[in-house]
Structures are given as C-alpha cells and as structure tokens.
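Chain by chain, the residues:
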Amino acid sequence: SCRAVIFDLDGVLTDTAIYHFYAWKALADELGINFTEHDNEQLKGVDRLGSLRWILQKGGLTLSEAEEARLMQQKNAHYLELIDHITPDNLYPGVTALFTQLKRHGIKIGLASASKNAAFVVERLGIAAQFDYIADANQVLNSKPDPEVFLLAAKGLAVAPQYCIGVEDALAGIEAINRAGMKAIGIGDAKVLSGAIRVYPAVKAITLEELLSV
Ligand code: B16
Ligand code: MG
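Criteria and thresholds
- In this convention, every chain numbers its residues from 1, walking through the sequence in written order.
- Key to labels: chains lettered from A, ligands numbered from 1, both in the order written.
- Two thresholds apply to this predicted model, a pLDDT of at least 70 for residue-level local features and 80 or more for giving and counting side-chain atom pairs, whereas whole-chain, interface and lining totals are computed over all residues.
- Think of the side-chain values as coming from all heavy atoms in the structure, minus any hydrogens and water.
- Proximity criterion: a residue is near a molecule or strand once any of its heavy atoms comes within 4 Å of it.
- A 3.5 Å cut-off defines polar contacts: any pair of N or O atoms within that distance qualifies, except that in protein one atom must be a possible hydrogen donor and the other a possible acceptor, and neighbouring residues in sequence count only when both atoms are side-chain atoms.
- Method for areas: the Shrake-Rupley scheme with a 1.4 Å probe, in which residue coverage is limited to the protein chains shown.
- Put simply, two rings from Phe, Tyr or Trp (the six-membered ring, in Trp's case) pair if the centres are within 6.5 Å, and we call them stacked under 30 degrees between planes, edge-to-face over 60, tilted for the rest.
- Secondary structure elements follow DSSP: runs of H or I no shorter than four residues count as helices, runs of E no shorter than two count as strands, and numbering proceeds from the N terminus.
- Relative accessibility decides the category of a residue: with a 1.4 Å probe and only protein chains considered, values under 20% of the type maximum give buried, values over 50% give exposed, and everything between is partly exposed.
- Counting as a charge over the ring demands two things of the Lys NZ or Arg CZ atom: a distance within 6 Å of the ring centre and an angle within 35 degrees of the ring normal.
- Salt-bridge detection follows one rule: a side-chain nitrogen of Lys or Arg within 4 Å of a carboxyl oxygen of Asp or Glu.

**What about the site of ligand 1?**
So, step 1. Lining the immediate surroundings of ligand 1 are 17 residues, of which Asp-10, Ala-114, Ser-115, Lys-116 and Asn-117 lie closest.
So, step 2. Contacts to ligand 1 include Arg-48, whose side-chain N or O atom sits 2.7 Å from an oxygen atom.
So, step 3. Take Lys-144: an N or O atom from its side chain is 2.8 Å from an oxygen atom of ligand 1.
So, step 4. When isolated, ligand 1 has an accessible area of 460 Å², and the protein chains bury 98% of it.

**Some remarks on the packing of aromatic side chains**
So, step 1. Taken as a whole, this structure holds five aromatic pairs when the rule is applied.
So, step 2. Taking 5.6 Å as the distance between ring centres and 75 degrees as the angle between the ring planes, the aromatic pair formed by Phe-99 and Phe-131 counts as edge-to-face. A residue pair is termed long-range when its members are at least 10 positions apart, and Phe-99 in helix H5 (residues 95–104) and Phe-131 in the loop between helix H6 (118–125) and strand S3 (133–135) qualify at 32 residues. Taken as a pair, Phe-99 and Phe-131 share a single burial class, namely buried.
So, step 3. Through successive ring pairs, a cluster of aromatic residues spans Tyr-19, Phe-21, Tyr-22 and Phe-35.
So, step 4. Arg-3 extends its terminal NZ or CZ atom over the ring of Tyr-163, reaching a point 3.7 Å from the ring centre.
So, step 5. Here the guanidinium or amino end of Lys-75 rests over the ring plane of Tyr-79, the centre of that ring lying 4.8 Å away.

**What about the pattern of salt bridges?**
So, step 1. The full count for this structure, using the stated rule, is 10 salt bridges.
So, step 2. Asp-8 is paired through a salt bridge with Lys-144; the nearest N and O atoms lie 3.0 Å apart. Within this pair, whereas Asp-8 is found in the loop between strand S1 (4–7) and helix H1 (17–31), its partner Lys-144 is found in the loop between S3 and helix H7 (148–157), the two being separated by 136 residues in sequence.
So, step 3. Overall, Asp-8 belongs to the buried group, its relative accessible area being 5%.
So, step 4. Between Arg-179 and Glu-175 there is a salt bridge; the shortest N-O distance is 3.2 Å. In this pair, Arg-179 and Glu-175 both sit in helix H8 (residues 171–179), four residues apart, roughly one turn of the helix.
So, step 5. The class for Arg-179 is partly exposed, based on a relative accessible area of 48%.

Right, here's the structure in full:
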C-alpha cells in the first residue's frame, strides 16, 4: 500500500526542465560544443557539476575546478534569470488537485529534487507549504541515479521506502527510485523511462485509484 508519494520537481511539477536545457545549450554554444535536446535527456535529474562534466566530455574538454566553478555559476545565473518570472500559473495542470486528493487520503507528500534551486522554485509556485518534507541537492552528497535524495525524503516523511511511490521525468530519477526500494512512476515517454511501473504523459493523467493500486 502507498503511504507517501515523493515527487521530483523539474519536469514533473513544473516545466523548468526546458529552462535548464536553454541555459546549458547557451553555455555549450559558447564553448563550441553541440548540445541537442536528445543530449539533454541524459542530464535530466543529474546535478549541476555532473551535467557540466557530461557536456565538457562531449566536447572533449577537461577544465580546472576553478573553470568548472565559473561555468556552473554562469549557467546558474542564466537559469535563475529564465525562471525569475515563475508564478503559480507555471504549476503543471492537475498538481493541486492530486495533492488535495493525497492529503484527503492521509498520504504524505514529499519532494526529491536534484536542484539546488528547488526551495526557490516551490516557493514561487506557491506550493512550499503543501509538502510534508522537502529533500533537495543542498542536503545530499550523491546525485541521482544514487537513491540518496529519495531515501532522505522517505526518512523525513517517516515512511519506509516500500510504502513510497516516486514520480520522475528523468531516467536517472527512475533508477534512483528503484534503487531506493520504492515504486517508480514515470512522467514522459515510456520508451525513454524504462524501469518505471507506469508512465503517464503528464501529472494530470495520474489518478489516485491507480496510485493506490501500484
Ligand atoms: P540546479 P530535478 C534537476 O532537478 C534537473 O532535472 C536537472 O536538469 C538539473 O541539472 C538539476 O536539477 C540541478 O539543478 O542547477 O538548479 O541545482 O528534476 O531533480 O527536480
Ligand atoms: Mg526532473
């Protein structure tokens, strides 16, 4: 049975995944590295340094830690500019309704995000108070596909992993959920998100009945 649902943020509750892509693409262009939307699929759920190193490797570049730090700062400044206009209107349809249903059934709501900007984003979306626990990149050492952020969320919710469902748009995130011993629900393309028990095109397609039956 399901006692908690732990949501990923970027690409599940709101469309920030596209802004991460724009910001990485701008940086890659500047470095003369070809970076496509297909490449970006590999970076969803991957933390900032891991993402930068993936792009640098694609371009055959190895940089000093100081250079890496400067580029991460540059990407993040651009990303923050892009998400500066976020309001509750940027919540994906169906999120509020699903949260209401979960609460009504006494199912806890958690967040497990690889983003260091997660607190800012949920605040802007107006949903910060809806979470029983928020776990983000500021609190963990190991990025998805490591299960750490999901396990931290479960611990914070005081629910054993086997009673948790994780919801993710990223391949790395689905792997993290499975490695945490939770049940994985994917948001996106079923061909990409192999490893998920079920894949929905968007959060609004998830029904409480189906969550309770996984
Ligand atoms: P930041 P999520 C992840 O968030 C994104 O999917 C990923 O593309 C991004 O690189 C990562 O956060 C780090 O974000 O630079 O803001 O710390 O999907 O796990 O909510
Ligand atoms: Mg995501």
